[in-house]
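# Architecture at a glance
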Amino acid sequence: GGQSRRTRKLFRQRRDCPPQFATRINLHFGKSTLRAAGIESVYIYTFNEMCSQSSAQQCGEGNDNDTSGNHPKMTGSIDKENGTVSKKESQWTVYDTEQDSSLLPTIAVLLWIGWMGIDVYLLLYLIFIADMTQRAVIISIVIAVTIPPPGFPMALGERLGKWSLTQSEKYFGMKTTLENEESIKKISQSSSPLIFAHEPHDVLPFPMAVFSPYLPRLRYLNCACLVTSAIFHIPFLRQMYTWTHCESVDKKTFRSKLLRNECLVFCPGGVQEVTMMDPAFPDDVLVYLKTRKGFIKLALETGASVVPSFGFNTDGCYGYWIPRGKVVNKIARSLGFLPMVFWGRFGIPFGIPKPKKIHVVVGEVIKIPKVENVTNELVDKWHGVFLTEMEALFERHKKDAGYAHRKLKIL
């Protein structure tokens with residue numbers, strides 16, 4: 001009785017949908033309705049692949065006034081035998097969150113991402129302002145937090161990490177489109193290893209958080225987020241990233257997870273991709289992937305499937321200035337991060353990102369066979385399949401994401 005006219009209208013649209021096509025429909029409407037019903041802030045729309053274009057129109061799809069954002073599209077599937085990309089009509093699963101950049105979500109993002117800036121300002125204060133007593137106190141605190149393991153205290157830390165991510169989800173109004181969630185679920189149920197390769201890196205690849213087991217999107221995967229090992233040597237930052245289910249992206253950790261048939265997400269472009277960013281060319285979306293073949297080799301050795309993922313609207317969350325030159329690039333590769341200046345919300349240097357709505361699209365599963373003797377030819381073949389599908393994923397979604405005028409450049 002307390003539903004708005006818009007709510008009743010959309011329910012009538014969905015009620016007219018032929019029942020043989022609808023698998024399940026979960027709708028999210030305004031805050032007042034949610035509070036009254038106690039509904040989660042995330043909504044999901046899922047339809048069977050049988051739902052054709054004409055049937056989708058009966059369901060209210062393809063209508064410019066439809067607010068679900070779930071329209072019939074052509075998606076890619078990977079042929080395991082010859083490594084080619086074929087097309088079939090399918091429905092996507094869309095998870096969306098109403099954006100809220102008020103005080104609590106802002107504090108959560110500060111606790112999650114903001115520690116880098118806090119550490120920088122703490123260091124500057126320690127060097128230029130603090131007296132001897134203050135320096136002794138700060139150094140003692142830093143030593144105290146670096147002695148225990150990064151996850152200590154684990155139970156309390158994980159609760160804080162989960163709260164930070166769920167609130168940060170609102171801050172960015174996280175939207176996730178899964179082109180074939182059923183394939184992902186099948187791999188999860190078969191206990192096979194799975195690699196999500198996410199692009200672009202940008203200043204910070206924080207959209208990878210959509211794969212966190214703390215968020216409702218892909219919780220069943222228990223996916224670990226692999227990031228630069230430098231993170232785990234920085235006070236306070238090492239604790240928070242451990243509490244949010246992050247681990248080092250080093251080869252040993254990567255391989256061991258695949259051998260244990262686990263799921264992981266990482267950004268193959270890495271810090272090298274950051275060195276190529278240039279605000280003078282705002283229409284170019286750069287990803288550094290042509291020589292990134294190591295994860296494909298590991299996938300062939302372990303039989304891990306690879307899924308391309310792309311995050312729209314990541315660029316623009318930060319302004320930045322990047323020092324250029326070969327020496328800087330060498331330093332970045334050795335440190336695992338690029339020394340640079342960036343600024344986010346309110347223009348604060350090393351602060352939190354601007355609250356832009358982030359849209360992560362997850363493509364088709366590339367089922368890579370397990371091979372005893374991996375050759376360079378096999379690596380090149382499957383790496384080519386991955387590049388083709390990553391580019392196709394960007395092209396399929398760029399118009400809806402407001403990137404119609406932009407080009408993906410694979411370097």
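As a starting point, this report considers the structure included with it. (Residues numbered from 1 in each chain as written. Predicted model: local features only at pLDDT ≥ 70, side-chain atom pairs only at ≥ 80, totals over all residues. Heavy atoms only, no water.)

### Concerning the pattern of salt bridges
Between side chains of opposite charge, pairing is possible as soon as their charged atoms come close. This model, assessed by the stated rule, comprises twelve salt bridges. Across the pair Arg 217 and Glu 169 runs a salt bridge, and its minimum N-O distance is 2.2 Å. Of this pair, Arg 217 sits in the loop between β7 (194–199) and β8 (224–227) while Glu 169 sits in helix α7 (residues 154–171), placing them 48 residues apart in sequence. Residue classification places Arg 217 among the buried residues on the basis of a relative accessible area of 0%. For the salt bridge of Glu 395 with Lys 398, the shortest nitrogen-to-oxygen distance reads 3.2 Å. (Salt bridge = Lys/Arg side-chain N within 4 Å of Asp/Glu carboxyl O. Helix = DSSP H or I, 4+ residues; strand = E, 2+ residues; numbered from the N terminus. Buried < 20%, exposed > 50% of the residue type's maximum accessible area, 1.4 Å probe, protein only.)

### A look at the pairing of β8
Of the two faces of β8, the one carrying Ala 224 and Leu 226 and the one carrying Cys 225 and Val 227 are both buried. The sheet contact formed by β8 and strand β10 (residues 263–266) spans two bridges and is parallel. Each residue of the ladder has a partner; that of Ala 224, found in β10, is Leu 264. Sheet topology places β8 next to strand β9 (residues 246–248); three bridges connect them, and they run parallel. Bridged to Cys 225 within β9 is Cys 246. Once you follow β8 into helix α9 (residues 237–243) and on to β9, the crossover reads as right-handed. (Pairing = 2+ DSSP bridges. Right-handed = clockwise from strand over helix to strand, strands pointing away.)

### Considering helix α12 (residues 294–302)
For α12, the set of buried residues is Phe 295, Ile 296, Leu 298, Ala 299, Leu 300 and Thr 302. If you follow the buried residues of α12, they end up packed against β7, α10 (251–259), β10, β12 (305–312) and α14 (376–397). Immediately downstream of α12, the backbone of Gly 303 shows phi near 75°, a positive value. (Contact = heavy atoms within 4.5 Å.)

### Regarding the side chain of Asn 313
Tracing the backbone through its elements, the reader meets Asn 313 in the loop between β12 and β13 (319–321). For Asn 313, the side chain forms a polar contact with the main-chain oxygen of Lys 357, separated by 2.9 Å. Once residues within four sequence positions are removed from consideration, Asn 313 is found in contact with Lys 356, Lys 357, Ile 358, Ala 401 and Tyr 403. (Polar contact = N/O pair within 3.5 Å; in protein donor to acceptor, adjacent residues only side chain to side chain.)

### Regarding helix α4 (residues 103–112)
Among the residues making up α4, those that are buried are Pro 105, Thr 106, Ala 108, Val 109 and Trp 112. The buried residues of α4 occupy an angular sector of 160° when the element is viewed end-on, so they sit on one face. The secondary structure elements touched by the buried residues of α4 are α7 and α9. (Arc of directions from axis to C-beta.)

So far we have only geometry, and geometry alone does not tell us how the molecule works.
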